[in-house]
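Remarks on the overall topology
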Amino acid sequence: MSFEIIFFVFVLGAFIGFEVITKVPPTLHTPLMSGSNAISGVTIVGAIICLRLFEGGSPVGMVAHVLGFLAVVCAMVNVIGGFMVTDRMLAMFKSKTKKKD
Amino acid sequence: MEKLYVYLYLLATALFILGLKRLSGVRTARGGNRLAALGMLIAIVAAGMEGVGSGGLSWSMLLPAMLLGTAIGAFLATKVEMTEMPELVAAFNGVGGLASAVVALSFLANHTADGSLIDLLSEAHDIESPVSTAITLPLSILIGIATLTGSFVAYLKLGGKKMSHPFAGSSRHGVHLLLGALAIVSSLWMILWATNGGSQWLAIVVLVVISGILGVFLTMPIGGADMPVVVALLNSYSGLAAAASGFVIQNLLLVVAGSLVGASGLILTRIMCKAMNRSLGNVLLGGIGDDSVAEDAREYSNIKESSPEEVAMLLDAATSVIIVPGYGLAVAQAQHVVRELANELEKRDIQVRYAIHPVAGRMPGHMNVLLAEADVPYEQLWELERINGDFQNTDVVIVVGANDVVNPVAREQGNPISGMPILDVDHAQTVVNIKRSLSPGYAGIKNPLFELDNSLMVFMDAKEALTEMLKEVKEL
């Protein structure tokens, strides 16, 4: 994949980010932050690929794999913790009308 | 269908975008978060497929790592108190940054050998554009590690630890520039000049150390009042770190998701800056809450001390009450008792509303989360622009542990908070300030609100004071 294509995608991604998040009610600032933080845990994909085996199944670089292990743990904490805590927060937001049900 | 994983990455990207969009609406937010989580699940499955397709994965490493990360994440997410939410988000930002940097390091571990790194990258059969990899590798380490250490400093600061930058005033910027230059030099060393694995790793270690110091130094001078901005900005960085590692391993999902988060974090940062009438540059260079604020007249005169009993009587006689929560409410964990007091007043047909300043607390939306935890319906939470005109028709305003966001000095020129939009609590009939002492807020300046004739002080812990008020109101 050429640098140009990746850069193209990067810029488009930023545009979508700016367009999608224009007006956010202050009530949602914290959940939006923790939710988008969980999305940045997408590094998990890179971390998993770090644990690839090379050349017919032998781990070429032990160092690479130890680092990959660390990356998977960190990214997973970020992903699971981020989505769960966001869900926990959003579950608490109740409107008056709902409460009467 | 061996490239099925590519389409799954695309699906995951779409789910992230939809999820993020829904996260910005009150009614759709919870579904949005779950949609994004589903996207992540699909992305993880797709990554597994990609790994298996390209020679297999080390399951004996992968599965324990995933289980361990899941256990830690789930434990933190369920156990943490709502008052500690800013610290938790800072911590998650930090591990996210670390993960991105470590992905780049792991990539490096597979590519360092004798010869310069740029030549090695050019010869590697799995890299199509060695130059872009060579540029984004150090960038990915720099952003990731700086996000980690910056988040760590933010975490400590949010926990109330005071820190000052080892280099004072303007010399600080010179130090930062020097560190930035060193980071560039060590990157060049790593990529171009080092010609064997050993010296390449030495360069990498130097880069990691410099990035770490840079993260600490850049976060340190930012004052406590600016913490919401910092947390939002670090959020943006953690996205950029993910995007940078996406460039390195040439994975478009990482690039898109990272830039999405980078952009949304930047928007939140801008919202926070606007709420304080400051530019981002101004915040980053430090200022508010910095020691540079002179110890000017912090002497108070005309302070009227009051008691919970007296306030209870005032409340009983009122027809409309506005509660202004601040960080003191979070520290005292007083969100539940404040709701009980509000319920008690509503039973007496007194209108109760909450006025939420955009930067009240330590992170964007901090007060909203706290009050939501205490079952306060969000219709009762009023934003600054919507409620500011109503203070003049309000009988009693209770300011709970807030200071700078109600400081009328902001309307004047020539002080650290000049021009910051504030809640016009001084326009109300009576303002009750619950505060432990007359100590200044994070801006480090005196608050003349406390000296006004319609201002009463209750020098107590927020929870104690509100509990006693509740008791007294019930007895009336």
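Residues numbered from 1 in each chain as written. Chains lettered and ligands numbered in written order. Predicted model: local features only at pLDDT ≥ 70, side-chain atom pairs only at ≥ 80, totals over all residues. Heavy atoms only, no water.

1. Some points on the overall build of chain B
On a plain count of helices and strands, chain B comes out with 17 helices and six strands. Counting over 476 residues, chain B shows a buried share of 59%. By sequence separation, contacts in chain B at least 24 residues apart represent 78% of the contacts at least 6 residues apart. A total of about 18500 Å² of accessible surface is found on chain B, and carbon and sulfur atoms cover 61% of it. (Helix = DSSP H or I, 4+ residues; strand = E, 2+ residues; numbered from the N terminus. Buried < 20%, exposed > 50% of the residue type's maximum accessible area, 1.4 Å probe, protein only. Contact = heavy atoms within 4.5 Å. Areas by Shrake-Rupley, 256 points an atom, 1.4 Å probe, with all protein chains shown as cover.)

2. Focus: the overall build of chain A
The helix and strand tally for chain A stands at five helices and zero strands. Sequence-ordered secondary structure for chain A, helices as α and strands as β, is α-α-α-α-α. Looking at chain A residue by residue over its 101 residues, the buried ones come to 59%. Here the contacts in chain A between residues at least 6 apart in sequence split such that 67% fall between residues at least 24 apart. Carbon together with sulfur atoms contributes 72% to the accessible area of chain A, which is approximately 4000 Å² in total.

3. Focus: the interface of chain B and chain A
Facing 108 residues of chain B, the contacting portion of chain A comprises 84 residues. Counting every contact that joins chain B to chain A gives two salt bridges. Between B:Arg34 and A:Asp87 there is a salt bridge; the shortest N-O distance is 3.1 Å. Linking chain B to chain A there are 17 residue pairs in polar contact (both at pLDDT 80 or more). Contributing elements (two or more residues each) for the side of chain B that touches chain A: α1 (4-23), α2 (29-53), α3 (59-79), α4 (85-109), α9 (227-249), α10 (252-275) and α15 (366-373) of chain B. When residues in the side of chain B that touches chain A are grouped by element, the largest group, 16 residues, is from α10(B). Of the residues belonging to the side of chain B that touches chain A, the class tally is 65 nonpolar, 32 polar and 11 charged. (Salt bridge = Lys/Arg side-chain N within 4 Å of Asp/Glu carboxyl O. Polar contact = N/O pair within 3.5 Å; in protein donor to acceptor, adjacent residues only side chain to side chain. Nonpolar A, V, L, I, M, F, W, Y, C, P; charged D, E, K, R; others polar.)

4. Some words on the domain arrangement of chain B
Residue and element names in this part refer to chain B. Its domain assignment divides chain B into domain 1 (1-79), domain 2 (82-284) and domain 3 (308-475). Put simply, the middle of domain 2 and the middle of domain 3, counted by C-alpha atoms, are 38 Å apart. With both chains or domains summed, domain 2 and domain 3 bury close to 1600 Å², and 71% of this area falls on carbon and sulfur atoms. A per-residue breakdown of the area domain 2 buries against domain 3 is headed by Met 82, Thr 83 and Ala 275, which together make up 32% of the total. (Domains from an automatic or database assignment. Buried area = accessible area lost by both parts, 1.4 Å probe.)

5. Quick look at α10(B)
Residues and elements named next belong to chain B. Taking 1.5 Å of rise per residue, 24 residues should cover 34 Å, and α10 covers 35 Å from first to last C-alpha, within 8% of that figure. With 19 of 24 residues buried, α10 lies mostly within the body of the structure. N-capping of α10 is provided by Asn 251, with a side-chain oxygen placed 2.9 Å from the backbone N of Leu 253. Looking one or two places after α10, you find Asn 277, whose phi comes out positive at around 55°. (Expected span 1.5 Å × (residues − 1).)

6. Some words on α4(B)
Owing to its 3.6 residues per turn, the α-helix aligns residues three or four sequence positions apart on the same side. Spanning 25 residues, α4(B) covers 36 Å between terminal C-alpha atoms, matching the ideal 36 Å at 1.5 Å per step. With 23 of 25 residues buried, α4(B) lies mostly within the body of the structure.

7. Notes on the packing of aromatic side chains
Throughout the structure, instances matching the rule amount to six aromatic pairs over all chains. A centroid spacing of 5.7 Å and a plane angle of 65° characterise the contact between A:Phe10 and B:Phe247, whose relative ring orientation is edge-to-face. Here the residue A:Phe10 occupies a position in helix α1 (residues 3-20), and B:Phe247 occupies one in helix α9, the pair thus bridging two chains. Members of the aromatic cluster, each reached through a chain of ring pairs, are A:Phe3, A:Phe7, A:Phe10 and B:Phe247. Taking the ring centre of B:Trp382 as reference, the NZ or CZ of B:Arg353 above it sits at 4.8 Å. Stacked on the ring of B:Trp382, the Lys or Arg B:Arg386 has its end atom at 4.2 Å from the ring centre. (Phe/Tyr/Trp six-rings, centres within 6.5 Å; stacked < 30°, edge-to-face > 60°. Lys NZ or Arg CZ within 6 Å of the ring centre and 35° of its normal.)

8. Observations concerning the nonpolar core
Residues A:Ile44, A:Val45, B:Met190, B:Val324, B:Val425 and B:Ile434 are the most contacted members of the largest nonpolar core, which totals 185 residues. For B:Ile434, the residues in contact, after removing those within four places along its chain, are B:Ile398, B:Val399, B:Val400, B:Gly401, B:Val458, B:Met460, B:Asp461, B:Ala462, B:Ala465, B:Leu466 and B:Met469. With five residues, the next largest nonpolar core counts A:Val9, B:Phe247, B:Val255 and B:Val256 among its residues. (Core = buried A, V, L, I, M, F, W, Y, C linked by side-chain atoms within 4.5 Å.)

9. Some thoughts on the side chain of B:Thr149
Residues and elements named next belong to chain B. Structurally, the position occupied by Thr 149 is in helix α6 (residues 130-158). The class for Thr 149 is buried, based on a relative accessible area of 17%. The residues contacting Thr 149, other than those within four sequence positions of it, are Ser 211, Gly 212, Gly 215 and Val 216.

10. Section: the pairing of strand β2 (residues 351-356) of chain B
All names here are of chain B. Across the six residues of β2, five count as buried, placing the element largely inside the fold. Inspection of the sheet shows strand β1 (residues 320-325) paired to β2 by four bridges, in the parallel sense. When the bridges of β2 are listed, Ser 320 appears paired with Gln 351. Bridge count between β2 and strand β3 (residues 381-383): three bridges; the pairing is parallel. By the bridge assignment, Tyr 354 is partnered in β3 with Leu 381. The β-α-β motif built from β2, the intervening α15 and the parallel element β3 has right-handed crossover chirality. (Pairing = 2+ DSSP bridges. Right-handed = clockwise from strand over helix to strand, strands pointing away.)

11. Describing unusual backbone geometry
Residue and element names in this part refer to chain B. The backbone of Gln 250 shows a phi angle near 55°, a positive value even though the residue is not glycine. As for its position among the elements, Gln 250 is in the loop between α9 and α10. The backbone phi angle of Asp 349 is positive, close to 60°, even though this residue is not glycine. Residue placement: Asp 349 occurs in the loop between α14 (335-347) and β2.

12. Points about the confidence of the model for chain B
Summing up the model confidence of chain B, the mean pLDDT is 86 and the portion of residues at 70 or higher is 95%. Within the model, pLDDT remains below 50 along residues 287-295 of chain B, and this stretch shows 20 contacts once partners closer than five positions in the same chain are excluded. (pLDDT = per-residue confidence, 0-100.)

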